[in-house]
Amino acid sequence: MPTPKDIERYQSFKGSPSELHVVDQFMLEMCKIPHLGQRLDLLLTIRELPVSMRDLEPLINQKIQATKQLQSSQKFVAVLEYILAIGNHLNEKSGKEKAKGFRLSSLTKLPLLRGKERTFTLLHALVEQIFLHEPDLAKFSQELTEFEAVPDASMKGLSAEVDVLKKELENVIQCRRLIKPKTSKATPQESQFCKELKDLIQKYEGDLSQLSKRCDEMKKLYSNILVKFGEQQDLDSQELFGWISSFLSEFRKACAEVGP
């Protein structure tokens, strides 16, 4: 892109363009385009916006599905009740008061708490009790298939990316107002460009509005999850989902070691 000095130099050229090298002829034409920098930025943003929206959509949908699974999984809640019962049994033996609940971060500590046998953990004890009383609960992971993999994106991050796209689209709208020529001076090419740009903006506004609604749904569902499990509202989803994903993995290992 020509610099301000380039523009000044080429615009002061009074000779025939044919006298110039082909590169200089190209630069000369570029310097004639008003708001060149803004136009190039505009074209780049228009190209990247739909790609960014397509990339975000499946990530947001996955988080929505994960929160819905967590909200509806009765077996997971039943497993948590077993953990609470075992914890209170240990509290009672050590003279401590019974707990009414526990942080989900405690799930990652179960494989680390060992008894007299160093290979036997509190997680193994949990699996034994479940196999003994309600063996069907051992399959609770089937209700939480979205937690098979470690989460790779947080809801806060996804929400921030949607906000960035909103700002980028607003910049496109502002840029269109800047470069839009007066009707009396517009060339057919400029009129066509502005019309196509207007159509694209309308389409992207619709697409982004739908994506924003899905993002709001995601945040509302996650907020309900935090309330349900007694967690702080500022807890990052990547942390919470990471605890559950890790617990599922360790639970399966313990099941294989204990056996039904």
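Please read these numbers as outputs of a predicted model, since none were measured by experiment. For every chain, the first residue of the written sequence is number 1, and numbering continues from 1 along that sequence. Whole-chain, interface and lining totals are the exception, using all residues; otherwise, since this is a predicted model, local features are given only for residues with pLDDT of at least 70 and side-chain atom pairs are given and counted only at 80 or more. Heavy atoms from the whole structure form the basis of all side-chain values; hydrogens and water molecules are not counted.

Participant: What is the right way to read the overall build of the protein from this model?
Facilitator: Of regular secondary structure, the protein possesses eight helices and zero strands. Where helices and strands are cited, they refer to DSSP runs of H or I of at least four residues and of E of at least two residues respectively, numbered from the N terminus. Helices (α) and strands (β) of the protein occur, in sequence order from the N terminus, as α-α-α-α-α-α-α-α. For each residue, the accessible area found with a 1.4 Å probe, counting protein chains only, is set against the maximum for its type, and the residue is called buried under 20%, exposed over 50%, and partly exposed in between. Residues classed as buried in the protein amount to 38% of the 260 residues present. Whether two residues touch is decided by their heavy atoms; if any such pair falls within 4.5 Å, the residues are in contact. The contacts of the protein with a sequence gap of at least 6 include a subset with a gap of at least 24, amounting to 76%. Surface accessibility of the protein: about 16,200 Å² in total, with carbon and sulfur atoms responsible for 53%. Accessible areas in this description were obtained via Shrake-Rupley with a 1.4 Å probe; residue shielding takes into account the shown protein chains only.

Participant: Looking at this structure, I do not really get the pattern of salt bridges. What am I missing?
Facilitator: When charged atoms on two side chains of opposite charge get close, those side chains can pair. Take a side-chain nitrogen of Lys or Arg and a carboxyl oxygen of Asp or Glu: if they are within 4 Å of each other, that pair is a salt bridge. What the rule picks out here adds up to nine salt bridges. We note a salt bridge from lysine 68 to glutamate 217, for which the minimum N-O separation is 3.8 Å. Of this pair, lysine 68 sits in helix H3 (residues 36-72) while glutamate 217 is found in helix H7 (residues 188-228), placing the two residues 149 residues apart along the sequence. For the salt bridge of glutamate 231 with arginine 103, the shortest nitrogen-to-oxygen distance reads 2.6 Å. A residue pair is termed long-range when its members are at least 10 positions apart, and glutamate 231 in the loop between H7 and helix H8 (237-258) and arginine 103 in the loop between helix H4 (74-93) and helix H5 (122-133) qualify at 128 residues. What makes glutamate 231 buried here is its relative accessible area of 7%.

Participant: Mind showing me how you'd approach the side chain of serine 141 here?
Facilitator: Looking at where serine 141 falls in the secondary structure, it is placed in the loop between H5 and helix H6 (155-179). Residue classification places serine 141 among the buried positions, given a relative accessible area of 13%. Leave out the neighbours within four places in its chain, and serine 141 touches Glu148, Leu248 and Arg252.

Participant: Looking at this structure, I do not really get the environment of asparagine 61. What am I missing?
Facilitator: By the secondary structure assignment, asparagine 61 is in helix H3. Sequence separation between asparagine 61 and cysteine 215 is 154 residues; the distance between their C-alpha atoms is 8.6 Å.

Participant: What's the story with the packing of H5 against H8 in this structure? I'm lost.
Facilitator: What describes two packed helices is the angle between their axes and the distance between those same axes. Look at H5 against H8: their axes get within 9 Å of each other, and the N-to-C directions meet at 65°. In terms of orientation, H5 and H8 fall into the roughly perpendicular class. H8 is crossed by H5, and the crossing has right-handed handedness. Residues Leu123, His124, Leu126, Val127, Glu128, Ile130 and Phe131 of H5 form the contact with H8, whose own contacting residues are Phe247, Glu250, Phe251, Ala254, Cys255, Glu257 and Val258. Geometry is summarised by axes, namely lines fitted to C-alpha atoms with helices restricted to the contacting stretch, and by angles between N-to-C directions that run from 0 to 180 degrees. Oblique is the label for any angle not covered by the other classes, which are roughly parallel (under 35 degrees), roughly antiparallel (over 145) and roughly perpendicular (65 to 115). For any helix crossing, the convention is left-handed if the near helix is rotated counterclockwise from the far helix by under a right angle, and right-handed if that rotation is clockwise.

Participant: Looking at this structure, I do not really get the packing of H4 against H5. What am I missing?
Facilitator: Remark: H4 packs on H5, axes separated minimally by 10 Å, with the N-to-C direction vectors making an angle of 120°. As H4 runs across H5, the sense of the crossing is right-handed. Where H4 abuts H5, its residues Val79, Tyr82, Ile83, Ile86 and Leu90 lie against Leu122, Ala125, Leu126, Gln129, Ile130 and His133.

Participant: What should I look at first to understand the side chain of glutamate 231 in this one?
Facilitator: Within polar-contact distance, the side chain of glutamate 231 engages the side chain of arginine 103 at 2.6 Å. Non-local contacts of glutamate 231, meaning those with residues more than four positions away in its chain, are made with Arg103, Leu104, Leu226 and Trp243. Each polar contact in these results corresponds to two N or O atoms within 3.5 Å; when the atoms are within protein, one needs to be able to donate a hydrogen and the other to accept it, and residues that are neighboring in sequence are counted only if both atoms are side-chain atoms.

Don't take any of this as a statement about function, it's just geometry.
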